[in-house]
Amino acid sequence: MKRILIGLLAVVGALTLLFTGLVLGLLFMGASNKPGVPGQVVLELELDERLVEHVPEDSWASAFGPERLTVRDVVDALERAGGDERVKGLVVKVNGTPGSTAVVQELRDAVKAFRATGKKAVAYADTFGEGDNSTGGYYLASAFDEVYLQPSGELSVTGIAIETPFARDALARLGVKPRMSKRQEYKAAVNTYTEQTYTAPHREETERFLTSLFGQMVKGIAEGRGLSEEQARAAMDEAPLLAPRALEAKLVDGLLYRDEVYAKVKEAAGEGSELLYLEKYLERAGRPNRTGGQTVALIYGAGEIARGRSRASPMSGEVTMGSDTVAAAFRKAVEDTSVKAIVFRVDSPGGSYVASDTVRREVQRAREKGKPVIVTMGSYAASGGYFVAMDADKIVAQPGTLTGSIGVFNGKMVTADFWEKLGVNWEPLGAGKNATMYSSDMEFTPEQHAKNEAFLDQVYADFTSKAAAGRKMPVEQLREVAKGRVWTGEDAKERGLVDELGGFPVALKLAKEAAKLEGPVRVEVFPRKKGAAEVLSELLGEKQGDNSDDEAAAGARMTAPWEPVLEETRVLYRLGVQLGVVGEPRRHVLSAPVPEPTW
């Protein structure tokens, strides 16, 4: 029996080794047989879903699944293509809005830089909206040399709008009592629960935010189409427009079907030109800024900020900026003698105060160690997202980036009456005067309420004083533009919260200037991406770093294959927590509301 058992174990071990060898062999063969870039190509891109900013490298999808196209992928591919003689042009099929205003502006900048090299860029859509708003898609298309629309399509460039839900009365009917406080009047994160309509400050900041974004779009469309701003605004006010009227208004260059557009593009590129998907081109040609001798580290801080490791949900697509992961990436970049500067890409509505301060401290330490830090802001860098950025040497934002929200909120939802309606009685017991302070079944006592208010005062004072120091302005001046108010990047620059407008290329230029680097540099993502073979080895026998500064221990570690499935079963529970109906409330005090504009 013993010999049989030993034999079975030997067979299992041999099969495991054989399987591992086969996987590694296939990976090697796939890498060695990679096709090249044809001698004459037109790059093709289909924008039929929103581009992602970043996915932490410890996710299953990152290692084995199809990779989602990122904002940086498109920007890098167009930069590489601009200097590539094999690339004769670009054609993009716009199927919707690829992201926020800031994302569209990042893409517009990349398209304009591509065109500046003398190469032609053409945008096509079967329709810009069909019973819905497609201002974002057209705003992107207006940066191209030519824009074509299918004859049966329409141009629904109706503007930008935000709908904010207010649930105070609904919560009251359910028996849920919001007990929330904030600093200060513009901090609107709690208004969904405590109000039934906009407060005057909330309305003021939202209307200004929309006005700023709309003005940017009108200006961009006018410049792209060779119109005056008055003509562009009038056309948008007239929208939705049928295709013939869009052509008459000079918003498109022709009414053509897809096959006609693509034939026209290939003819202009020259005989023998082939189409090649932009993502395939990037994979084969490689990214720009990969051959320099000196390194600029690129660190991502994407998603809601939380303590612990960065993570991603493969089903919901939500990402979390883990303070341990980002802090460890900074430490690694600082320790690496080849790294001369750091570009920190922030795309976050905020989150945990403690986690935000952890990351901010590493930004500060990097600068103290002689490594300049340049922040480039994505769609959002608000509240905690601004907190992690404010100590950088320079901050770069797109005109449409939502930033600021220098404020704080905290509190809880009292749900005792809700449970009573269901016939459930939660009866808390505690040992310690304030053991039940955060119980969702009990009101704050006057003393507990005072403690919560003192906490908010302390966090707000800390936030504003550190922001003032980071931005090198008197704290009184900083507090005038704080008060929890969100700004567009354009407005934030006017108020000293942002240094430059732009995206990745501007941030890299500033990083090179700060580090006094000349010539090409190598941009390296920290923490480094793990390959499928490395992830596989960890699945077979998870390995861990030697200490807490190692990447593996800090977040580039593969979890069990079934953990993402288990995480998704918690989605409904977390929704209940967010509404204060079940469990404990989220106390991510440095959060900003993330509006989902219709545009």
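In this report, the structure presented in the accompanying data block is examined. (Residues numbered from 1 in each chain as written. Predicted model: local features only at pLDDT ≥ 70, side-chain atom pairs only at ≥ 80, totals over all residues. Heavy atoms only, no water.)

With that settled, consider the sheet that holds strand β9 (residues 274-277). Reading across the sheet, the 6 strands line up as β8-β4-β3-β2-β1-β9 and stay open at both edges, with parallel pairing between neighbours. The open sheet terminates on both sides in strands that have one partner only, identified here as β8 (254-255) and β9. Of the strands in this sheet, β1 (41-47), β2 (87-94) and β9 are in contact with helix α12 (residues 278-285), which crosses β9 at around 85°. (Pairing = 2+ DSSP bridges. Helix = DSSP H or I, 4+ residues; strand = E, 2+ residues; numbered from the N terminus. Contact = heavy atoms within 4.5 Å. Axes fitted to C-alpha atoms, helices over the stretch in contact; angles between N-to-C directions.)

Orientation of helix α14 (residues 353-368) relative to helix α17 (residues 446-471), taken along the N-to-C sense of each, is 25°, at an axis distance of 12 Å. Taken together, the axes of α14 and α17 are roughly parallel relative to one another. Here α14 runs over α17; the crossing is left-handed. Seen from α14, the contacting residues are Tyr-353, Asp-357 and Arg-360; seen from α17, they are Gln-458, Val-459, Asp-462 and Lys-466. (Parallel < 35°, antiparallel > 145°, perpendicular 65-115°, else oblique. Left-handed = near helix turned anticlockwise from the far one by under 90°.)

The step from Arg-183 to Gln-184 runs through a cis peptide bond, and the omega angle for that step is -5°. Along the polypeptide, Gln-184 turns up in the loop between β6 (177-183) and α7 (191-194). With an omega dihedral of -10°, the bond running from Phe-526 to Pro-527 counts as a cis peptide bond. Residue position: Pro-527 is located in the loop between β22 (522-526) and α21 (532-540). For Asn-289, which is not a glycine, the phi torsion comes out positive at approximately 55°. Structurally, Asn-289 can be placed in the loop between α12 and β10 (295-302). The phi dihedral of Ser-383 falls on the positive side, at around 55°, and the residue is not glycine. You can see Ser-383 is positioned in the loop between β16 (373-382) and α15 (384-387).

The next thing to look at is the pattern of salt bridges. All chains considered together, the criterion is met by 35 salt bridges. Through salt bridges with shared partners, one network takes in Asp-357, Arg-360, Asp-391, Asp-462 and Lys-466. (Salt bridge = Lys/Arg side-chain N within 4 Å of Asp/Glu carboxyl O.)

What follows deals with the pairing of strand β3 (residues 120-125). Most of β3 sits out of view: 5 of its 6 residues are buried. Where β2 and β3 come together, 5 bridges link them in parallel fashion. For Gly-89, the partnering residue across the bridge sits in β3 and is Lys-120. With 4 bridges connecting them, β3 and strand β4 (residues 146-149) associate as parallel partners. For Val-122, the partnering residue across the bridge sits in β4 and is Glu-146. Tracing the backbone out of β3, into helix α5 (residues 135-141) and back to the parallel element β4 gives a crossover that is right-handed. (Buried < 20%, exposed > 50% of the residue type's maximum accessible area, 1.4 Å probe, protein only. Right-handed = clockwise from strand over helix to strand, strands pointing away.)

With that settled, the discussion passes to helix α13 (residues 323-335). For α13, built from 13 residues, the straight-helix expectation of 18 Å at 1.5 Å per residue is met to within 8% by its first-to-last C-alpha distance of 18 Å. Among the residues making up α13, those that are buried are Ser-323, Thr-325, Val-326, Ala-327, Ala-328, Ala-329, Phe-330, Arg-331 and Ala-333. (Expected span 1.5 Å × (residues − 1).)

A contiguous nonpolar patch, built from Leu-422, Val-424 and Trp-426 and spanning about 310 Å² of accessible area, is present on the exposed surface. Residue classification places Leu-422 among the exposed residues on the basis of a relative accessible area of 53%. (Patch = residues over 30% accessible without salt bridge, like charges linked within 9 Å, V, L, I, M, F, W, Y side chains within 5 Å. Areas by Shrake-Rupley, 256 points an atom, 1.4 Å probe, with all protein chains shown as cover.)

Let us look at the side chain of Ser-383. The buried category is assigned to Ser-383, whose relative accessible area is 0%. Within the local environment of Ser-383, its side chain forms a polar contact with the backbone oxygen of Ser-405, the two atoms lying 3.5 Å apart. When near neighbours in sequence (up to four residues on either side) are disregarded, Ser-383 contacts Lys-187, Pro-349, Gly-404, Ser-405, Gly-407, Phe-463, Leu-590, Ser-591 and Ala-592. (Polar contact = N/O pair within 3.5 Å; in protein donor to acceptor, adjacent residues only side chain to side chain.)

On inspection of all chains with the given rule, the structure shows 7 aromatic pairs. Taking the centre distance of 5.5 Å and the plane angle of 85° together, the rings of Phe-128 and Tyr-138 count as edge-to-face. Of the two residues, Phe-128 sits in the loop between β3 and α5 while Tyr-138 sits in helix α5, which places them 10 residues apart along the sequence. With respect to burial, Phe-128 and Tyr-138 carry one shared label: buried. (Phe/Tyr/Trp six-rings, centres within 6.5 Å; stacked < 30°, edge-to-face > 60°.)

Let us look at the nonpolar core. Within the largest apolar cluster, 68 residues are counted, with the highest numbers of intra-cluster contacts made by Leu-90 and Phe-128. Ranked by the residues each element gives to this core, the list is headed by helix α8 (residues 200-225), at 8 residues. Grouped together as the second largest cluster of nonpolar side chains are 48 residues, Ile-305, Ile-342, Phe-387 and Leu-456 included. (Core = buried A, V, L, I, M, F, W, Y, C linked by side-chain atoms within 4.5 Å.)

This part is about the packing of α8 against helix α9 (residues 229-238). One way to put it is that α8 packs onto α9 with a least axis distance of 8 Å and a crossing angle of 110°. When the axis of α8 is compared with that of α9, the two are roughly perpendicular. As for how α8 packs across α9, the hand of that crossing is right-handed. Of the residues in α9, those touching α8 at Phe-214, Val-218, Lys-219, Ile-221 and Ala-222 are Glu-229, Ala-232, Arg-233 and Met-236. Per-class residue counts for the contact of α8 with α9 are 6 nonpolar, no polar and 3 charged. (Nonpolar A, V, L, I, M, F, W, Y, C, P; charged D, E, K, R; others polar.)

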